[in-house]
Amino acid sequence: MSDILLDIRDLHAGIEGKEILHGVNLTIGYGEIHAVMGPNGAGKSTLGAVLTGRPGYEVTSGTVTFAGRDLLAMTPEERSWAGLFLSFQYPIEIAGVTMTNFLKAAVQARRKAAGLPELSAGEFLALMKQKMALLKMKPEFAKREVNVGFSGGEKKRGEIFQMAMLEPVLSILDETDSGLDVDALKIVADGVNSLRTPETSAIIITHYQKLLEYIVPDVVHVLKEGRIVKTAGRELVDVIENEGFEAING
Amino acid sequence: MDKVFVIGRDEIPSKVVLGAGESLRATFVALPGASAHLSLTVELTGEGAELDAAGLFVCREAENVSIEMNVRHLAGRCRSNQMFRGIADGRSRVRFNGLIYVEQDAQKTEAYQSCHSLLLSEGARVETDPQLEIYADDVVCSHGAAIGYPSADELFYMRSRGIPEQEARRLQIISFLSPVLSRLPEEFYSLIGFQS
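Residues numbered from 1 in each chain as written. Chains lettered and ligands numbered in written order. Predicted model: local features only at pLDDT ≥ 70, side-chain atom pairs only at ≥ 80, totals over all residues. Heavy atoms only, no water.

Here we take up the overall build of chain A. A tally of helices and strands in chain A yields eight helices and twelve strands. Computed over C-alpha atoms, the radius of gyration of chain A comes to 18 Å, within 12% of the 18 Å expected from 2.2 N^0.38 for 250 residues, which places it in the range of a compact globule. With respect to the principal axes defined by its C-alpha atoms, chain A has extents near 55 × 40 × 35 Å. When the 250 residues of chain A are sorted by exposure, 52% land in the buried category. Sequence-distant contacts in chain A: of pairs separated by 6 or more residues, those separated by 24 or more amount to 69%. Looking at chain A as shown, the accessible area adds up to about 11,200 Å², and 51% of this sits on carbon and sulfur atoms. Counting 26 positive and 33 negative side-chain charges, chain A places the averaged centre of each group 5 Å from the other. (Helix = DSSP H or I, 4+ residues; strand = E, 2+ residues; numbered from the N terminus. Rg over C-alpha atoms; globule rule 2.2 N^0.38 Å. Buried < 20%, exposed > 50% of the residue type's maximum accessible area, 1.4 Å probe, protein only. Contact = heavy atoms within 4.5 Å. Areas by Shrake-Rupley, 256 points an atom, 1.4 Å probe, with all protein chains shown as cover. Lys, Arg positive; Asp, Glu negative; His and termini not counted. Charge placed at Lys NZ, Arg CZ, Asp CG, Glu CD.)

As a further point, take the nonpolar core. Residues L6, I8, L51, F102, F161 and I203 of chain A are the most contacted members of the largest nonpolar core, which totals 84 residues. With residues near it in sequence (within four places) discarded, I8 of chain A still touches V24, N25, L26, L47, L51, T63 and V64 of chain A. Of all hydrophobic cores here, the second largest spans 32 residues; its members include L51, A53, I67 and V71 of chain B. (Core = buried A, V, L, I, M, F, W, Y, C linked by side-chain atoms within 4.5 Å.)

Below, the discussion takes up the interface of chain B and chain A. Facing 16 residues of chain B, the contacting portion of chain A comprises 30 residues. For the pair chain B and chain A, the summed buried surface comes to about 1,900 Å²; carbon and sulfur atoms form 66% of the total. The three residues of chain B that bury the most area against chain A are F156, Y157 and R161 of chain B, which together make up 42% of that side's buried surface. Viewed at the interface, chain A and chain B are joined by three salt bridges. The residue R159 of chain B makes a salt bridge to E77 of chain A at a minimum N-O spacing of 2.6 Å. Inspection of the chain B/chain A interface yields twelve residue pairs in polar contact (both at pLDDT 80 or more). Every element with two or more residues in the side of chain B that touches chain A is listed here: helix 1 (152-160) and helix 2 (165-181) of chain B. (Buried area = accessible area lost by both parts, 1.4 Å probe. Salt bridge = Lys/Arg side-chain N within 4 Å of Asp/Glu carboxyl O. Polar contact = N/O pair within 3.5 Å; in protein donor to acceptor, adjacent residues only side chain to side chain.)

Moving on: the sheet that holds strand 9 (residues 170-174) of chain A. Residues and elements named next belong to chain A. Spatially, six strands are ordered 6-9-10-3-11-12 in an open sheet, and the strand pairing comes out mixed. Each having just a single partner strand, strand 6 (84-87) and strand 12 (227-232) make up the two edges of the open sheet. Each neighbouring strand pair of the sheet contributes to a mean axis angle of 20 degrees, computed without reference to strand direction. Bridge count for strand 6 against strand 9 is four bridges, and the pairing is parallel. Each residue of the ladder has a partner; that of L86, found in strand 9, is I172. (Pairing = 2+ DSSP bridges. Axes fitted to C-alpha atoms, helices over the stretch in contact; angles between N-to-C directions.)

Applying the stated criterion to the full structure yields one cavity of 30 Å³ or more. In this structure, the largest cavity spans a volume of roughly 30 Å³. Surrounding the largest cavity, T52, P76, R79, S80 and L84 of chain A together with S160 of chain B form its lining. Here the element with the most residues in the lining of the largest cavity is helix 2 (residues 76-81) of chain A; it accounts for three residues. Looking at the lining of the largest cavity residue by residue, the class counts come to two nonpolar, three polar and one charged. (1 Å grid on protein atoms, 1.4 Å probe; cavity = no way out; pocket = protein on both sides within 12 Å on 5 of 7 lines; lining within 4 Å. Points joined across faces, edges and corners; volume = space filled by probe spheres on them. Nonpolar A, V, L, I, M, F, W, Y, C, P; charged D, E, K, R; others polar.)

Pasting the structure below:
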């Protein structure tokens with residue numbers, strides 16, 4: 001097995017005929033946390049959308065290899081089964097469907113794809129309980145409709161809870177810090193840190209340094225105008241904090 | 001529990017009169033595979049009468065469903081609520097006509113009506129015609145009709161969690177119908193073509 005989990009090469013992509021990513025190169029190894037920082041409109045969320053196969057986004061050229069497979073040839077659900085997860089910046093409400101039923105459908109489909117037997121109702125509930133305890137969530141959460149009536153903080157915790165249930169190999173956290181106060185930020189960061197293993201990786205998309213105080217990245221990239229203009233270690237976060245994105249020009 | 005009527009199968013009166021303090025809670029269902037016609041007048045003739053009506057239509061092929069509701073507030077301080085939800089797939093035709101009539105003396109009336117439809121194919125057609133006819137001045141009334149397509153964002157959200165497309169579409173429909181579906185006994189999930 002290679003040490004490389006995700007390999008993005010010269011990725012050009014956009015939406016509605018407008019190119020937003022102008023040749024992105026990014027390599028992520030197993031067990032690494034990468035931060036992708038950049039100003040609004042740099043293409044950060046587009047990167048997350050393209051990697052997870054969001055309809056409407058078009059890849060015009062370039063390749064993405066995920067765990068040795070051609071990621072761009074896969075459907076969104078196949079990407080999930082392969083171990084990719086996106087924490088949405090704006091999680092979607094699904095009225096009338098409980099978190100339990102939603103996650104049961106997701107977990108069972110994933111097991112089926114992996115050739116594993118379905119979990120029994122009891123086994124599934126035990127798994128939910130275990131993950132909810134890990135993220136310090138109240139038991140009522142399981143019975144609530146997906147994201148309906150959730151506060152901003154609850155939605156983001158709900159995303160991390162889904163991440164815990166699906167045990168991805170690569171998690172993309174798209175602006176998970178936006179709209180969170182410091183307490184909620186700590187809970188989310190603790191959750192992400194507690195789910196970390198030597199084999200799992202994450203991409204933290206953000207334009208603030210705050211979350212990166214709690215989830216410490218191994219590598220920091222600056223994305224500007226659809227290109228990665230700088231890649232360095234965590235010390236880059238402080239440079240951005242002090243000098244702004246203006247100062248970063250590769 | 002609701003009184004549940006399957007349109008076209010169960011006997012449904014064409015007119016119901018609710019006197020002072022009387023109430024009716026009923027849910028009407030148009031099952032897939034059969035054309036159905038519902039025409040119902042409800043008169044609220046005494047103070048404090050209440051109607052809580054809901055309806056569901058699930059059209060998958062070439063069904064022809066028409067629903068005509070005529071809710072007449074003839075006395076004050078009555079309440080009516082009508083909530084219809086349905087899907088139209090294939091080459092089905094759905095028509096909803098809903099009238100809320102409030103007489104001049106029927107002050108302090110509260111009357112609501114909504115009919116939301118989800119179009120699942122380009123060959124299906126839904127027409128809704130909600131009407132308010134109000135002669136009293138101290139009332140709270142609203143009506144809303146919406147016809148739309150399944151949300152692409154919802155679908156992607158579910159698929160990004162590994163829920164296969166077909167299952168995600170099924171959950172989407174359950175989600176859309178849930179305000180009315182939740183009023184029905186469990187066996188209706190399989191009658192309308194969904195396992196719970």
